[in-house]
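These are the residues of each chain, in order.
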Amino acid sequence: MYISVDIGGTNTRIALSDDGQNISRKEHYKTPQNYHEALALLTTKLHSLLPDGLPHTVVIAVPGVLLDRQKIYKTPHLPDWEGENIKTDLESQLHTSILLENDADLGGLAESRIGAGREYDIVAYLTLSTGIGGSRITQGQIDPTQSGFEPGHHIIKPNGPFWPYCGQHGCFESLASGTAFEHTYHIKPELCEDPLIWEDHAKITSQGLANLIYFWSPRIVVLGGSLTKAGDKFINPLIRLTQEQITMFPMPEIVVSTLGGDNVLLGGLLIQQ
Ligand SMILES: [Zn+2]
């Protein structure tokens with residue numbers, strides 16, 4: 001039995017798998033903001049799902065920056081969790097080994113191994129959702145880094161809006177995330193059908209995407225997250241406007257994830273293979 005847990009700022013999701021490839025059962029519940037409460041609830045849930053005992057490793061995806069895959073350094077949507085040694089705490093509660101990873105890293109890993117990036121050696125994954133995250137995967141492995149990847153927090157407009165989640169002005173997430181979309185256009189992205197709004201949103205998104213292509217030089221960019229559900233009215237102008245900025249490179253492929261919202265959980269299974 002394999003287990004993969006995806007701790008999100010809103011929901012925590014648990015996947016069980018018999019073969020380590022396919023999800024056989026999924027559970028979800030609201031993530032408690034209080035760290036100790038969240039740990040106790042996760043322990044209870046895992047023990048009730050697997051009363052005969054946990055596997056020797058449980059993979060946990062966290063929405064933030066990790067230190068040495070042990071401690072949470074920064075997690076803007078779960079501030080009470082910052083500085084906590086989640087690996088040690090969970091290992092002592094669950095009596096099994098915990099592998100912590102950043103959520104976008106696991107999403108990208110799944111995209112590169114079994115998703116749209118599987119034929120490519122250098123895959124960039126970018127998730128456009130409430131926030132923005134991303135990862136770079138080469139030869140089917142997460143690139144080694146000191147602190148992970150935070151493409152959502154590179155600055156696009158130095159005089160742009162203040163973004164309380166990172167404390168900066170004008171970062172990519174402050175301009176192109178779903179949260180930013182709602183601030184700018186006063187409508188939730190999932191309700192917006194206006195092609196002019198989507199063209200405008202594609203323009204600002206293309207600036208961050210073009211930067212990512214220049215920094216990471218991928219062969220393919222896989223886009224995920226709730227904003228991609230807008231479909232062609234967003235994705236077509238996004239690709240066109242990005243292409244206009246990529247004058248120094250051949251244009252990599254840009255595609256929307258085929259794995260959808262399960263890619264983080266699937267990445268948590270695949271990393272155990
Ligand atoms: Zn930021």
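Our structure's up above, just so we're on the same page.
The notes below deal with the structure included here. Treat the numbers as computed from the prediction; the structure is a model and nothing was measured. (Residues numbered from 1 in each chain as written. Predicted model: local features only at pLDDT ≥ 70, side-chain atom pairs only at ≥ 80, totals over all residues. Heavy atoms only, no water.)

Turning our attention to the coordination of the zinc ion. At 1.9 to 2.2 Å from the zinc ion lie its protein donor atoms, namely His153 (ND1), Cys166 (SG) and Cys171 (SG). If you list the donors of the zinc ion from N- to C-terminus, the spacing comes out as H-x12-C-x4-C. Separated by 18 residues along the polypeptide, His153 in the loop between β10 (141-142) and β11 (162-163) and Cys171 in the loop between β12 (168-169) and α4 (172-176) bring together distant segments of the chain. In this structure Cys171 comes out as buried when scored by relative accessible area, which is 0%. (Donors = N, O, S within 2.8 Å, 3.2 Å for Na, K, Ca; no water. Helix = DSSP H or I, 4+ residues; strand = E, 2+ residues; numbered from the N terminus. Buried < 20%, exposed > 50% of the residue type's maximum accessible area, 1.4 Å probe, protein only.)

Counted by the stated rule, this structure contains 10 salt bridges. Between Asp121 and Arg219 there is a salt bridge whose closest N-O contact spans 2.5 Å. Of the two residues, Asp121 is situated in the loop between α3 (103-113) and β8 (122-128) and Arg219 in the loop between α6 (195-216) and β13 (220-224); the sequence distance between them amounts to 98 residues. Taking the relative accessible area as the measure of exposure, Arg219 reaches 46% and is therefore partly exposed. One salt-bridge network, held together by shared partners, links Arg13, Lys26 and Asp262. (Salt bridge = Lys/Arg side-chain N within 4 Å of Asp/Glu carboxyl O.)

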